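# Topology and contacts: notes
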Amino acid sequence: MNWEMSKIVRTVTDIMVVPIIVYGIYLIVHGHLTPGGGFQGGAVIASSTALLIIAYGSFRDHKADLSSIESIGLTLFIILALLGLFLGATMFHNYSAGTGGLFGGTVPQGINPGYINTGGTVPLMNIMVGLEVAAALSLILLMMGKASDSVEVEA
Amino acid sequence: MSMDLVSASPAFVLGIPLLFAFLTPLANRVSKDLRDAMFVIGLLLTALFVGIMAYEVYTSGSWIYVFGSEESRPTQTASYFRIMFAADGFSALASITMVITALGAGLYSFAYMEGNTGMEKFYTLFFLTLAGVMGMVLTADLFNLFVWFEVTSIASCGLVAFQNYKVKSVEAALKYMFISVLGGLFFLVSIGLLYGEYGVLNFFLLADALTGGMIDKVALSIIIVVFAMKASSVPMHMWAPDVYAESPGSVTPFIAITSLGSLFVLTRIIFTLFRYSFGVAAVGHLLIILGLLSMFVGISMALKQSDVKRLIAYLSVSQIGYMLMAIGVAFATLDSADYSSFGAMALEGGLFHMINDGVYKALLFLSAASVVYATGIGDLNKLGGLAHKMPYTTMFFLLGGLSIAGVPPLSGFSSKLLIYQSVYLYHPILAIIALVVSIITFALIGKIFYSAFLGPDQGLTRGEVPRSMLVAMGILTVVVILFSLFPNYVVAEIVVPAVEGLGVVA
């Protein structure tokens, strides 16, 4: 593909990509407090890839990098699960909840607006899932863009 | 709050393949040698933890592993909202079968798959399938079982279609995918029915809750059909020959092991859930009929095949029949005095046959793959005289073949003898059909051996297959020989705890 959309579309895309990614990150890191989480946030981030592909048409081949990000996300997820075993008691054990470290805050009793620095390993796992999903869905979109690449455009 | 590697071994049996599944693509960015090394290390570590788990089960009894809980061996199952793994004799037997076959198929893959690009994806799919079948046989939770069922289905479909430049492989994978998705969705419906009725998914709690009403019967009937289908039992066997024959030679035993895994799951579900809700005789007779059909139709279809892998695929369908029949007889006699007189023996025979079948069938599939690898021909009418150039493969094939035919003193004979003796007491005709099928199996093995290996050297191959493939088949051969030499030991140490693990006390 060597066409691209009009300058208006490209400019709006450039502006919109930033809030889309920020919103995706918001969904991921608030996954333990509000509706959303790793999968949903990752899908939102991947939608920015879709927007860029549509607006610009051409893109560099990032498949190997995306594939690595995906593997890193999943590997870290399993390592977090296994850390539950080594630092806690069993696999997937939430060893860092309420210990005061990163995401280790304790939740006060009663109605509260939601404290982000809580949840132990749950938000960390959400982040890993978010990485995986964002990379994997972007990869699928790139593959699909590549597939249409091989079709001759009718004059 | 302390680390306990022995208690945590069921988690490692699942976690190690998952971890290495995602580490191998990363290792591939560093170097191909590192990637291959990771593959072997992952397989060996999985085998190590299966060994640790089995040893612990056999020396100090079974336990429940609860994911995410405070203690690694909770004394009471109050935390039943969590995912549980049952580390008992039955899951030990099943995971030993899986891991032996995985080691054989994995080592064999190195040389066999050489020249294919994207091997890191192959290793990922291989590890994911391994994690899936391990999860399937270890889990004690219906919904978790569905998750592992799907993981196994998707990953093994990827393995079948890995050589996607072969049209037939892709077609077989498509067929396999349809069957798996259909089965998976029906399984999900039945889980929904049971969950809606009782609000629990855990095997043990569900067993206590089941009342035997209409909904139970519908749900459990769907489950039996789905797993019989995945176990390639006739009349739901149509996918198996295509998938076994068209998948890459080195993964065929691994695909066959997912079928065997489904049979393990079916056995566990029948013995933990069905006995409290159905009349045992009805389910037992259904399984006996499925078993007889599988044996007879499988072997009849095998008679007319000329492709070596397709022929062995049909033999494999007929072997599934032996296990279904043995389990059916054991289950039908469960509530009567017959159980202690011969039902328990049928169950032991069935479970012993499962572990034997997993190993010798892998050996048979791999030696058939070696024939195709060395000559490029799978048609028995065109093969001949391979014994001159491929003495080791000939020997491996003969050993696996005689074992599947149940020729004494090989391991297949020991387990089949247990089955013949016990099903004869239930009804003589069952044992007669089983014997006839064994004789035809022997004849078919003779046919393959005669037409592919014997006769004058036709110059079809330059020589023996690469050494790593011989080593992989050698490992399986050693296991077959060990099982053949010490059947009493295997039954006493591995099979009897598995029967106890099913919660059946004679």
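Residues numbered from 1 in each chain as written. Chains lettered and ligands numbered in written order. Predicted model: local features only at pLDDT ≥ 70, side-chain atom pairs only at ≥ 80, totals over all residues.

### Considering the overall build of chain A
Of the regular secondary structure elements, chain A holds four helices and zero strands. Taken against the 2.2 N^0.38 rule, which gives 15 Å for 155 residues, the C-alpha radius of gyration of chain A at 19 Å runs more than 25% over that of a compact globule. For the C-alpha atoms alone, the extent of chain A along its principal axes is close to 65 × 30 × 20 Å. Relative to its full complement of 155 residues, chain A shows a buried share of 36%. In chain A, 66% of the contacts between residues at least 6 apart in sequence involve partners at least 24 apart. (Helix = DSSP H or I, 4+ residues; strand = E, 2+ residues; numbered from the N terminus. Rg over C-alpha atoms; globule rule 2.2 N^0.38 Å. Buried ≥ 20, exposed ≤ 12 C-beta atoms within 10 Å, placed from the backbone. Contact = placed C-beta atoms within 7 Å.)

### Regarding the overall build of chain B
Secondary structure assignment for chain B yields 18 helices and two strands. Here chain B has a C-alpha radius of gyration of 22 Å; the compact-globule value for 506 residues is 23 Å, and the two agree. Oriented by its inertia axes, the alpha-carbon framework of chain B measures out at about 65 × 60 × 40 Å. Looking at chain B residue by residue over its 506 residues, the buried ones come to 60%. For chain B, contacts bridging at least 24 residues in sequence account for 80% of all contacts bridging at least 6.

### A word on the pairing of strand β2 (residues 84–87) of chain B
Residues and elements named next belong to chain B. On β2, burial covers both faces: Met 84 and Ala 86 on one face and Phe 85 and Ala 87 on the other are all buried. Both strand β1 (residues 63–66) and β2 contribute to a ladder of four bridges, which runs antiparallel. Paired with Trp 63 across the strands is Ala 87, a residue of β2. (Pairing = 2+ DSSP bridges.)

### As for the confidence of the model for chain B
In this model, chain B carries a mean pLDDT of 90, and residues with pLDDT of at least 70 account for 97%. Scored as a complex, the prediction yields pTM 0.93 and ipTM 0.86. (pLDDT = per-residue confidence, 0-100.)

### A look at helix α9 (residues 239–246) of chain B
Residues spaced three or four apart along an α-helix point in a common direction, a consequence of the helix completing one turn every 3.6 residues. Residues and elements named next belong to chain B. Most of α9 is tucked away, with seven of its eight residues classed as buried. Turning to α9, its buried residues are Ala 240, Pro 241, Asp 242, Val 243, Tyr 244, Ala 245 and Glu 246. Considering only its buried residues, α9 is in contact with α5 (142–160), α6 (167–198), α10 (252–272) and α12 (308–332).

### Looking at unusual backbone geometry
At the junction of B:Val234 and B:Pro235, the peptide bond is cis and its omega measures out at 5° in the coordinates. Inspection of the secondary structure puts B:Pro235 in the loop between α8 (214–230) and α9. Going from B:Pro408 to B:Pro409, the amide bond is cis rather than trans, its omega being 5°. By the secondary structure assignment, B:Pro409 is in the loop between α14 (391–404) and α15 (411–426). A positive phi angle, near 70°, is found at A:Phe92, a position not held by glycine.

### What to know about the interface of chain B and chain A
Between chain B and chain A, the contact holds 20 residues from the first and 19 residues from the second. No other element matches helix α1 (residues 9–30) of chain B, which puts nine residues into the side of chain B that touches chain A. Each residue belonging to the side of chain B that touches chain A can be placed in one class, and the counts come to 13 nonpolar, four polar and three charged. (Nonpolar A, V, L, I, M, F, W, Y, C, P; charged D, E, K, R; others polar.)

### Quick notes on the packing of helix α2 (residues 32–60) of chain B against helix α4 (residues 119–138) of chain B
All names here are of chain B. For the pair α2 and α4, interaxial distance at closest approach is 10 Å and the crossing angle is 10°. Relative to α4, the element α2 lies roughly parallel. Note on element contacts: α4 touches α2 through Glu 120, Tyr 123, Phe 127 and Leu 130, opposite Arg 35, Phe 39, Gly 42 and Thr 46. The residue makeup of the contact of α2 with α4, split by class, is four nonpolar, two polar and two charged. (Axes fitted to C-alpha atoms, helices over the stretch in contact; angles between N-to-C directions. Parallel < 35°, antiparallel > 145°, perpendicular 65-115°, else oblique.)

### Some details on the environment of A:Met91
Here A:Met91 lies in the loop between α3 (63–87) and α4 (121–149). In this structure, the C-alpha to C-alpha distance between A:Met91 and A:Ala81, residues 10 residues apart in sequence, is 5.4 Å. Each residue touching A:Met91, except ones within four places of it in the same chain, is listed here: A:Ala81, A:Leu82, A:Gly84, A:Leu85, B:Ala8, B:Ala11, B:Gly15 and B:Phe67.

### Some points on the packing of α1(B) against α2(B)
All names here are of chain B. Running from N to C, α1 and α2 cross one another at 175°; their axes reach a closest spacing of 8 Å. As judged from the angle between their axes, α1 and α2 are roughly antiparallel. Looking at the contact of α1 with α2 residue by residue, the classes come out as 17 nonpolar, five polar and three charged.

### Concerning the nonpolar core
Residues and elements named next belong to chain B. Leu 93, Met 325, Ala 326, Val 359, Leu 363, Val 423 and Val 495 are the most contacted members of the largest nonpolar core, which totals 225 residues. With 21 residues, the single largest contributor to this core is helix α13 (residues 338–375). With residues up to four places along the chain from it excluded, the contact list for Val 359 reads Ile 100, Thr 101, Leu 476, Val 479, Val 480 and Phe 483. (Core = buried A, V, L, I, M, F, W, Y, C linked by C-beta atoms within 7 Å.)

### Focus: the environment of B:Leu125
Residues and elements named next belong to chain B. Of note, Leu 125 is situated in helix α4. Leu 125 gets classed as buried once you count the C-beta atoms within 10 Å, which come to 22. Remark: the alpha-carbon pair of Leu 125 and Gly 158, spanning 33 residues in sequence, is separated by 6.7 Å.

### What to know about the environment of B:Ile327
Residue and element names in this part refer to chain B. Here Ile 327 shows up in helix α12. When the C-alpha atoms of Ile 327 and Leu 351 are compared, they prove to be 8.2 Å apart, with 24 residues separating the residues in sequence. Filtering out sequence-adjacent residues up to four positions away, Ile 327 remains in contact with Thr 267, Leu 287, Leu 347 and Gly 350.

### Notes on α15(B)
All names here are of chain B. Helix length check: α15 (16 residues) gives 24 Å between terminal C-alpha atoms against 22 Å at 1.5 Å per residue, within 8%. Counted residue by residue, α15 has 12 buried out of 16 residues, so it is predominantly covered. Residues of α15 that are buried sit in contact with α12, α13, α14, α16 (428–453), α17 (467–485) and α18 (487–501). (Expected span 1.5 Å × (residues − 1).)

### Some points on the confidence of the model for chain A
When pLDDT is averaged across chain A, the result is 86; 92% of the residues are at 70 or more. When mean pLDDT is taken per element in chain A, helix α1 (residues 7–29) of chain A scores highest with 94 and α4(A) scores lowest with 87.

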